[in-house]
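The residues making up each chain are set out below.
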Amino acid sequence: MFYLLFGGILIFSCFYLIVKSIYARVKGEHIASRLTSFSNENGTYYPVFNFNYQGQEYNITGAVPVKDPKSFKYQPGDTVNVIFVPTNTKYVDIEGSYKDFLYALGFFLAGLVFMLIYFRSR
């Protein structure tokens, strides 16, 4: 029963991530921003973007972690298009980043494996 329940939770998480990502891309504001720096949170680096939205200046962390800032696609001072959802002022997504869809695919495949284990053991 555990395998069926856990597999169902993973597949539900897959669909949640897909809906959340599509919502952000459709309803979010696509804004040109400037990469200002990288913040270090427990040994993981996150890009920090600066942009103006409706007259207010924001410095918001990107949602995609970076292992080494020197190997990141963009460097401080570069202009980067981000997706800003005004209700979430903690993180922004980089346009063209499909990490949520990759996580969703991983959750779906893992959920499928757990469900197959459950049904094969019956």
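The numbering scheme is per chain: residues are counted from 1 as the chain's sequence reads. Two thresholds apply to this predicted model, a pLDDT of at least 70 for residue-level local features and 80 or more for giving and counting side-chain atom pairs, whereas whole-chain, interface and lining totals are computed over all residues. As a convention, hydrogens and water are excluded, and side-chain values are obtained from all of the structure's heavy atoms.

Visitor: Describe in detail the sheet that holds strand 5 (residues 91-94), supporting the description with residues and values.
Guide: When DSSP finds two or more bridges between two strands, those strands count as paired. Note on conventions: DSSP H or I runs of at least 4 residues are helices, E runs of at least 2 residues are strands, and numbering of each starts at the N terminus. Read around the closed barrel, five strands run 1-2-3-5-4, paired in mixed fashion. Direction aside, the axes of adjacent strands within the sheet are offset by 55 degrees on average. As paired elements, strand 2 (residues 44-53) and strand 3 (residues 56-62) share six bridges and run antiparallel to each other. Among the inter-strand pairings, V48 is bridged to a residue of strand 3, identified as T61. For every element, the axis is a line fit to its C-alpha atoms; helices are fit only across the contacting stretch, and the angle between N-to-C directions ranges from 0 to 180 degrees.

Visitor: Which residues make up the pairing of strand 1 (residues 29-41), and what values go with them?
Guide: Alignment of strand 1 against strand 4 (residues 79-84), held across six bridges, turns out to be antiparallel. Among the inter-strand pairings, R34 is bridged to a residue of strand 4, identified as T79. In this sheet, strand 2 lies alongside strand 1 in antiparallel orientation, the contact comprising seven bridges. Following the sheet pairing, S37 is matched in strand 2 by V48. Linking strand 1 back to strand 2 in an antiparallel pair, the connection comprises two residues, with N42 at a positive phi of about 55 degrees.

Visitor: Account for the pattern of salt bridges, naming residues and giving values.
Guide: Between side chains of opposite charge, a pair can form when the charged atoms approach closely. Throughout this description, the term salt bridge denotes a Lys or Arg side-chain nitrogen within 4 Å of a carboxyl oxygen of Asp or Glu. Scanning the entire structure with this criterion turns up two salt bridges. Residue D100 pairs with K20 through a salt bridge whose shortest N-O separation is 4.0 Å. Residue D100 is found in helix 2 (residues 99-120), and its partner K20 is found in helix 1 (residues 2-27); the two are separated by 80 residues along the sequence. A salt bridge links K99 to D100; its shortest N-O distance comes to 2.7 Å. Across the pair, D100 and K99 agree in class, each one buried. One network of salt bridges, with partners in common, ties together K20, K99 and D100. Burial classes follow relative accessibility: with a 1.4 Å probe on protein chains only, a residue under 20% of its type's maximum area counts as buried, one over 50% as exposed, and anything between as partly exposed.

Visitor: Give me the packing of aromatic side chains: which residues, what numbers.
Guide: Stacked, tilted and edge-to-face are the three classes assigned to paired rings of Phe, Tyr and Trp, where Trp is represented by its six-membered ring and a pair needs centres within 6.5 Å; plane angles under 30 degrees give stacked, over 60 edge-to-face, the rest tilted. For the coordinates displayed, the defined rule picks out twelve aromatic pairs. Here Y3 and F114 contribute two aromatic rings whose centre-to-centre distance is 5.8 Å and whose plane-to-plane angle is 25 degrees, an arrangement assigned as stacked. Residue Y3 is found in helix 1, and its partner F114 is found in helix 2; the two are separated by 111 residues along the sequence. Judged by its relative accessible area of 36%, Y3 falls in the partly exposed class.

Visitor: Describe the side chain of D100, with residues and values.
Guide: On the accessibility criterion, D100 (6% relative accessible area) is buried. Contact criterion: two residues are considered in contact whenever any of their non-hydrogen atoms come within 4.5 Å of each other. Those residues in contact with D100 that lie beyond four places of it in its chain are L17, K20, S21 and D93.

Visitor: Just give me the short version of the nonpolar core, but keep the residues and values in it.
Guide: By size, the foremost hydrophobic cluster in this structure holds 15 residues, and its most contacted members are F49, F51, V82, F84 and V92. The residues touching V82, leaving out its near neighbours within four places in the chain, are E29, H30, I31, S33, F49, F51, V92, D93, I94 and E95. Remark: nonpolar core denotes a set of buried residues (Ala, Val, Leu, Ile, Met, Phe, Trp, Tyr, Cys) joined through side-chain atoms within 4.5 Å.

Visitor: Outline unusual backbone geometry, supporting the account with residue identities and numerical values.
Guide: The phi angle at N42 is positive, at roughly 55 degrees, despite the residue not being glycine. Here N42 lies in the loop between strand 1 and strand 2. In this structure N42 comes out as exposed when scored by relative accessible area, which is 83%. Phi is positive for Q54, close to 50 degrees, though the residue is something other than glycine. Topologically, Q54 is positioned in the loop between strand 2 and strand 3. Residue classification places Q54 among the exposed positions, given a relative accessible area of 71%.

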